[in-house]
Each structure stands twice: as structure tokens, then as C-alpha cells.
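Overview (structure and organization)
Chain by chain, the residues run as shown.
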Amino acid sequence: MTMIARAEPDADPSAALTPLETVILDRLVPDCGNRGAAPNTLQLYMTKPARLGGYLARNSDPPPGNTVLWRGWRRLIDIQIGADFQHCRTYG
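About the cut-offs
- Every chain's residues receive numbers from 1 upward, in the order its sequence appears when written.
- Thresholds applied to this predicted model are a pLDDT of at least 70 for local features of residues and 80 or more for the giving and counting of side-chain atom pairs; totals over whole chains, interfaces and linings are not thresholded and use all residues.
- Hydrogen atoms and water are omitted, and side-chain values are computed over all heavy atoms in the structure.
- Each residue carries a pLDDT score, the predictor's own confidence in it, on a scale running from 0 to 100.
- A helix here means a DSSP run of H or I that spans at least four residues, while a strand means a run of E at least two residues long, and both kinds are numbered starting from the N terminus.
- Burial status follows relative accessibility: with a 1.4 Å probe on protein chains alone, a residue under 20% of its type maximum counts as buried, one over 50% as exposed, and anything between as partly exposed.
- Take a side-chain nitrogen of Lys or Arg and a carboxyl oxygen of Asp or Glu: if they are within 4 Å of each other, that pair is a salt bridge.

On to the confidence of the model for the protein chain, then. Do not read the predicted coordinates in detail wherever pLDDT is low. Considering every residue of the protein chain, the mean pLDDT works out to 88; 95% of them sit at 70 or more. Helix H1 (residues 2-7) is the least confidently modelled element of the protein chain, averaging 82 in pLDDT, while helix H2 (residues 19-28) averages 93, the highest of any element.

Right, here's the structure in full:
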């Protein structure tokens with residue numbers, strides 16, 4: 001996914017993310033401070049999980065690498081599992 005975001009930064013985020021993942025990222029990570037990425041692009045949505053993994057997204061920082069993205073994806077998956085579990089407890 002890192003390479004897809006670098007090759008096609010303006011692609012639609014649905015190329016790499018599910019709708020639930022984009023909703024969770026929108027609620028957890030603000031759009032500000034994402035290195036000038038255009039709204040609703042793959043570049044913006046690849047920076048958000050990197051920020052969950054510890055990436056600071058400062059203007060002088062290089063693009064997020066695989067390690068920080070991996071940490072962010074692990075956190076995002078845990079959050080998604082918790083959201084699914086809460087949904088099952090509420091409606092199940």
C-alpha cells in the first residue's frame with residue numbers, strides 16, 4: 001500500500017481502504033498536519049494510519065515508511081475489532 005500511495009497519491013482511498021476504515025480514520029485522525037495532502041486522496045488516507053503508528057507528519061519529515069505504517073495498521077485493526085464488537089453487543 002505504501003508503493004500504491006507513492007505511485008498514485010491522488011487515487012481514490014477505496015483502492016486500499018474499506019469504507020469502515022475511512023470512517024474510523026476520519027474520526028480518529030484530523031486532516032490538519034498531513035503534509036499538504038489533498039482531501040479525500042489515497043495520500044491523505046495513508047498518512048492517517050502512519051500517524052496512528054507514531055508518524056509526526058511534519059513538513060520536513062520524509063514520507064512514512066513501512067514500519068510506521070505497519071504499527072498504524074495494527075492499531076487501526078484493533079480499533080476496528082473493538083468497533084465491530086461494540087456493534088455486536090449493542091445490536092446483537
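Backbone geometry places Asn40, a non-glycine residue, at a positive phi of 55 degrees. As for its placement among the helices and strands, Asn40 is situated in the loop between H2 and helix H3 (42-52). Positive phi is not limited to glycine here, since Ala57 has a value of about 60 degrees. Considering the arrangement of structural elements, one finds Ala57 in the loop between H3 and helix H4 (66-91). Judged by its relative accessible area of 6%, Ala57 is buried.

Enumeration over the complete set of coordinates arrives at 3 salt bridges. Among the ionic pairs, Lys48 bridges to Asp31, the shortest N-O distance being 2.7 Å. One end of the pair, Lys48, is in helix H3; the other, Asp31, is in the loop between H2 and H3, and 17 residues separate them in sequence. A salt bridge links Asp61 to Arg58; its shortest N-O distance comes to 3.1 Å. Arg58 gets classed as partly exposed once you look at its relative accessible area, which sits at 47%. When salt bridges that share partners are traced, they join Asp26, Asp31 and Lys48 into one network.

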